[in-house]
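# Inside the fold
Read off the chains here:
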Amino acid sequence: MIPEWIMAGLWGLIAGSALLIGALFAYVFEIPQRIVASIMAFGAGVLLSAISLELMEESFSLGGFPNMVTGFLLGALIFTVINIYLARYGAKHRKRSGKQVQSNGMSEDNCLAIVVGSVIDGIPESIAIGITIITGGAVSVATVVAIFISNIPEGLSSTAGIKNAGWNPGSIFGMWLLITAVSGLASLAGYAIFSQLPQGVNSLTLALAAGGILAMLVDTMIPEAFSETHDLTGLITVLGFIVSFILSKIG
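Residues numbered from 1 in each chain as written. Predicted model: local features only at pLDDT ≥ 70, side-chain atom pairs only at ≥ 80, totals over all residues. Heavy atoms only, no water.

## Section: the overall build of the chain
The number of helices and strands found in the chain is eight helices and zero strands. Counting from the amino terminus, the chain carries its helices and strands in the arrangement α-α-α-α-α-α-α-α. Over its C-alpha atoms, taken along the principal directions, the chain stretches across nearly 45 × 40 × 35 Å. Long-range pairs, those at least 24 residues apart, make up 87% of the contacts in the chain between residues at least 6 apart in sequence. Surface accessibility of the chain: about 11,000 Å² in total, with carbon and sulfur atoms responsible for 71%. Taking the average place of the 9 positive charges on the side chains of the chain and the average place of its 14 negative ones, the gap between the two points comes to 8 Å. (Helix = DSSP H or I, 4+ residues; strand = E, 2+ residues; numbered from the N terminus. Contact = heavy atoms within 4.5 Å. Areas by Shrake-Rupley, 256 points an atom, 1.4 Å probe, with all protein chains shown as cover. Lys, Arg positive; Asp, Glu negative; His and termini not counted. Charge placed at Lys NZ, Arg CZ, Asp CG, Glu CD.)

## Examining empty space enclosed by the protein
A full pass over the atoms with the stated rule returns one cavity of 30 Å³ or more. Considering only enclosed or pocket space, the largest cavity measures out at about 60 Å³ in volume. What lines the largest cavity is a set of 14 residues, among which Gly16, Gly122, Glu125, Asn151 and Ser183 lie closest to the centre. Listing elements by their share of the lining of the largest cavity, those giving two or more residues are helix H1 (4-28), helix H4 (108-136), helix H5 (141-164) and helix H6 (169-194). At five residues, H4 tops the list of elements feeding residues into the lining of the largest cavity. By residue class, the composition of the lining of the largest cavity is four nonpolar, seven polar and three charged. (1 Å grid on protein atoms, 1.4 Å probe; cavity = no way out; pocket = protein on both sides within 12 Å on 5 of 7 lines; lining within 4 Å. Points joined across faces, edges and corners; volume = space filled by probe spheres on them. Nonpolar A, V, L, I, M, F, W, Y, C, P; charged D, E, K, R; others polar.)

## Structural notes on the packing of helix H2 (residues 33-87) against H5
Here H2 crosses H5 at 150 degrees, and the two axes come no closer than 8 Å. Here H2 lies roughly antiparallel to H5, going by the angle between them. Between H2 and H5 the crossing geometry is left-handed. Of the residues in H5, those touching H2 at Val36, Ile39, Met40, Phe42, Gly43, Val46, Leu47, Ala50, Glu54 and Leu55 are Ala142, Thr143, Val145, Ala146, Ile147, Ile149, Ser150, Ile152, Pro153 and Leu156. (Axes fitted to C-alpha atoms, helices over the stretch in contact; angles between N-to-C directions. Parallel < 35°, antiparallel > 145°, perpendicular 65-115°, else oblique. Left-handed = near helix turned anticlockwise from the far one by under 90°.)

## Considerations on the UniProt feature "transmembrane region" (unreviewed entry) in the chain
Per the UniProt record, the feature "transmembrane region" (unreviewed entry) sits at residues 6-28, 35-53, 65-86, 127-152, 172-194, 206-226 and 232-250. As a span, residues 35-53 carries 100% helix and 0% strand, and end to end its C-alpha atoms are 27 Å apart. Regarding residues 232-250, the helix share stands at 95% and the strand share at 0%, and the terminal C-alpha atoms are separated by 28 Å. (UniProt positions renumbered as here; feature names shortened; annotations may be inferred.)

## A closer look at the nonpolar core
Counting 35 residues, the largest nonpolar core has Leu47, Leu55, Met56, Leu206, Ile213 and Met216 as the members making the most contacts within it. Elements with a contribution of two residues or more to this core: H1, H2, H4, H5, H6 and helix H7 (199-229). Sort the elements by how many residues they give to this core and H2 lands first, with 13 residues. Formed by 10 residues, the second largest nonpolar core is a distinct cluster that contains Leu19, Ala23, Phe173 and Met175. (Core = buried A, V, L, I, M, F, W, Y, C linked by side-chain atoms within 4.5 Å. Buried < 20%, exposed > 50% of the residue type's maximum accessible area, 1.4 Å probe, protein only.)

## Some details on helix H8 (residues 233-250)
Here H8 contains 18 residues, and its C-alpha end-to-end distance of 26 Å stays within 8% of the 26 Å for a straight helix at 1.5 Å per residue. Of the positions making up H8, those classed as buried are Thr233, Ile236, Thr237, Gly240, Ser244 and Ser248. The buried residues of H8 occupy an angular sector of 115 degrees when projected down its axis, which confines them to one face. Of the exposed residues in H8, those oriented more than 90 degrees away from the buried face are Leu235, Val238, Lys249 and Ile250. Next to the buried residues of H8 lie H2, H5 and H7. (Expected span 1.5 Å × (residues − 1). Arc of directions from axis to C-beta.)

Written out as structure tokens, the structure reads:
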């Protein structure tokens, strides 16, 4: 029987590995923007479902309205402030299909901002994975799937930009391997640290992650999905939502 703390780290690695997969596809193939945007729309639906049915529901059951509302708003505020700051250094389109990143050119500061932005996106998501194991006794499959899907277009778009900036393959994939490892460690920490803390803290943290993810989704994923899929965005997003809902009930 594998200890739960190791399982938490492994699930975090699995979710984070989507960044590496996206990077690999972006480096080897020219992925049509409509396909990336469709993945984005589907991932947005999956994330919306995971936020409402998994993270927020669990946060409420652990800490009630005060912790849930406080954490949710704080998470959105923190993400928004950090995202505004990173946008000034070229990370605004790190989850977009690549067109904006390529047209604007990339400097070393831009690339560094994308790396930092990817880490900041991934840490609260990964911590949430670890906490769901504490509260539910098993990982939330819907949450892992949601994070995995949302990471793929980030790996695709960011790699397109830093590849054009002249990074060699070793630097590109070394970076994504490092970020994937950080995702695994964050999930492990989410389990190991928060299993020792009061339920109220876990409630606050889950809601904080949910608020940050929702702000990220609206600021980055949904605009890109609509810019390429237009009238199909709603349908694809609904498909993602229902798939995540089903996973949350059978997982």
